[in-house]
Amino acid sequence: MNMSDSLTKQSVISQYLPETVTPLGDTIEAVFAPSNIALCKYWGKRNSELNLPINSSLSISLAHLGTQTRLSVSNEDQVWLNGQRVAVEDSFARKVIAFIDLFRGAQGLPVRVDTDNNIPTAAGLASSASGFAALMLAIDRFYGLKLEPSQLSAFARMGSGSASRSLYHGFVEWQMGVRDDGMDSIALPLVTRWNDLRVGLLKVSSDAKAVDSRSGMNRTVATAHLYQSWPLQAAADLARLHQAIAENNFTQLGETAEQNALSMHATMIASWPPLLYWQPDSVAAMHNIWQARAEGIEVYLTMDAGPNIKLLFMADAEAAIQQRFPDMDVIAPFA
Ligand code: DP6
């Protein structure tokens, strides 16, 4: 066993906490974190305990779509999701409480967590990114920890990798870092704003996925020889995305994001047992998008570990694309 294998979330976080962690007051105002969609995907971990990635990634946050979370003093631990109390033994509640334990300690005072997602369930978007980011911000405020932005990002990452990016709006890069303790594996916002950029959310299926992203990426790394090429693809795509953003080149941004997502899916398909998140309707939507492009409408797609599709386009193409996909929800990330 080498040094880095023995690091735990707790051992890393504890170094940045005061001697005693107690609530500053009875409650806080709810804090918000946006959901995000990666244009260059995070796929594969070099350390599963700390969620340290094999590659750097780059995302766009979804403005007002995300999670709002509040913590309050309580006589017992309680977790409320979208106004409904969740049983403490439920896996969602257990994850939330286990994350709070990293800060207050297992013997800490009981808390009530109120968390609300405004992501339309119809959009089929993951809420773990915005969920852990909002929870991290709520913990920081409730216990008056005054953590640095880089620490908030590193600790949110320990809840879920993609949560490291949900601390910010706009374009966000999560730098993989090199340190064993991961304190340089943090997200940073890019200053560039693209007011005309639009993200379309297309629901194909809202069924719970059979294999979540966490197990999907572990299976890919463990079984797909094709995965060997992924870090090279991701590094090249990240550079192309930076260039596209700096030069205001939407074609390059869209092409790169689409190829990156499909390359990630290629590694999933090459895993064993195979991972194919696409449904027939996903493939139909892909063809529809490619047909639109052949007709001169500039639109690109990206997909995560699920059947749903996200479309990338500029404001002037919105009407034509909405006509082809009437059920699509449209987000203006910089509005
Ligand atoms: C395909 O962040 O959900 O959406 O770190 O295990 O919680 P864990 O995984 P998670 O994986 C997201 C994978 C992805 C790509 C991305 O968002 O970059």
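Everything numeric here is computed off the predicted structure, so don't read it as measured data. Every chain begins its residue count from 1, and numbering advances along the sequence as written. Given that the model is predicted, a residue must reach a pLDDT of at least 70 before its local features are reported, and side-chain atom pairs must reach 80 or more before they are shown or counted; all residues, however, enter totals for whole chains, interfaces and linings. Computation of side-chain values covers all heavy atoms of the structure but excludes hydrogens and water.

Chemist: Can you walk me through the environment of T27 in this structure?
Modeler: The way it works is that DSSP assigns letters per residue, a run of H or I at least four long becomes a helix, a run of E at least two long becomes a strand, and they are numbered from the N terminus. Topologically, T27 is positioned in the loop between α1 (9-14) and β1 (31-40). Owing to a relative accessible area of 44%, T27 belongs among the partly exposed residues under this scheme. Taking the C-alpha atoms as reference points, T27 and V73, 46 residues apart in sequence, are found 6.3 Å from one another. The contact definition used throughout considers only heavy atoms, calling two residues in contact when any of these lie within 4.5 Å. Residues within four places of T27 in sequence aside, it is in contact with R70, L71, S72 and F142. There is a polar contact of 3.1 Å between the side chain of T27 and the backbone oxygen of L71. Polar side-chain contacts of T27 include one of 3.1 Å to the side chain of S72. When accessible area is computed with a 1.4 Å probe and restricted to protein chains, residues below 20% of their type maximum are described as buried, those above 50% as exposed, and intermediate ones as partly exposed. Under the rule applied, a polar contact is a pair of N or O atoms within 3.5 Å (in protein, one hydrogen donor and one hydrogen acceptor; residues adjacent in sequence only if both atoms are side-chain atoms).

Chemist: In this structure, what is going on with the site of the ligand? I would like to understand it.
Modeler: Put simply, a residue is near a molecule or strand once any heavy atom of it comes within 4 Å of that molecule or strand. Looking at the ligand, there are 17 residues lining it, with Y42, K45, S160, S162 and R214 nearest. K45 is positioned with one of its side-chain polar atoms (N or O) 2.6 Å from an oxygen atom of the ligand. Within the contact set of the ligand, an oxygen atom lies 2.7 Å away from a backbone nitrogen or oxygen of G161. In terms of residue count, the dominant contributor to the shell around the ligand is helix α5 (residues 213-223) (3 residues). Each residue belonging to the shell around the ligand can be placed in one class, and the counts come to 6 nonpolar, 6 polar and 5 charged. In this classification, Asp, Glu, Lys and Arg are treated as charged, Ala, Val, Leu, Ile, Met, Phe, Trp, Tyr, Cys and Pro as nonpolar, and every other residue, Gly included, as polar.

Chemist: What is the right way to look at the nonpolar core in this model?
Modeler: F103, I139, F171 and L253 are the most contacted members of the largest nonpolar core, which has 85 residues in total. If one sorts the elements of this core by residue count, helix α3 (residues 128-142) sits on top with 8 residues. Setting aside residues up to four positions removed in sequence, F103 forms contacts with I13, L17, V21, M136, I139, L145 and F155. Take the buried Ala, Val, Leu, Ile, Met, Phe, Trp, Tyr and Cys residues and link them wherever side-chain atoms come within 4.5 Å; each set so joined is a nonpolar core. Within the second largest apolar cluster, 16 residues are counted, among which are A285, L311, F313 and M328.

Chemist: Sorry, what's going on with helix α2 (residues 91-104) here?
Modeler: In an α-helix, one full turn covers 3.6 residues, which means residues spaced three or four apart are oriented alike. Between its first and last C-alpha atoms α2 spans 20 Å; for 14 residues at 1.5 Å apiece the expected length is 20 Å, and the two agree. Of all the positions in α2, only A93, V96, I97, F99, I100, L102, F103 and R104 are classed as buried. Structurally, the start of α2 carries an N-cap: the backbone nitrogen of F92 is 2.8 Å from a side-chain oxygen of D90. Where α2 ends, the next residue or the one after it, G105, has phi of about 85 degrees, a positive value. Multiplying 1.5 Å by the residue count of a helix minus one yields the expected span of that helix.

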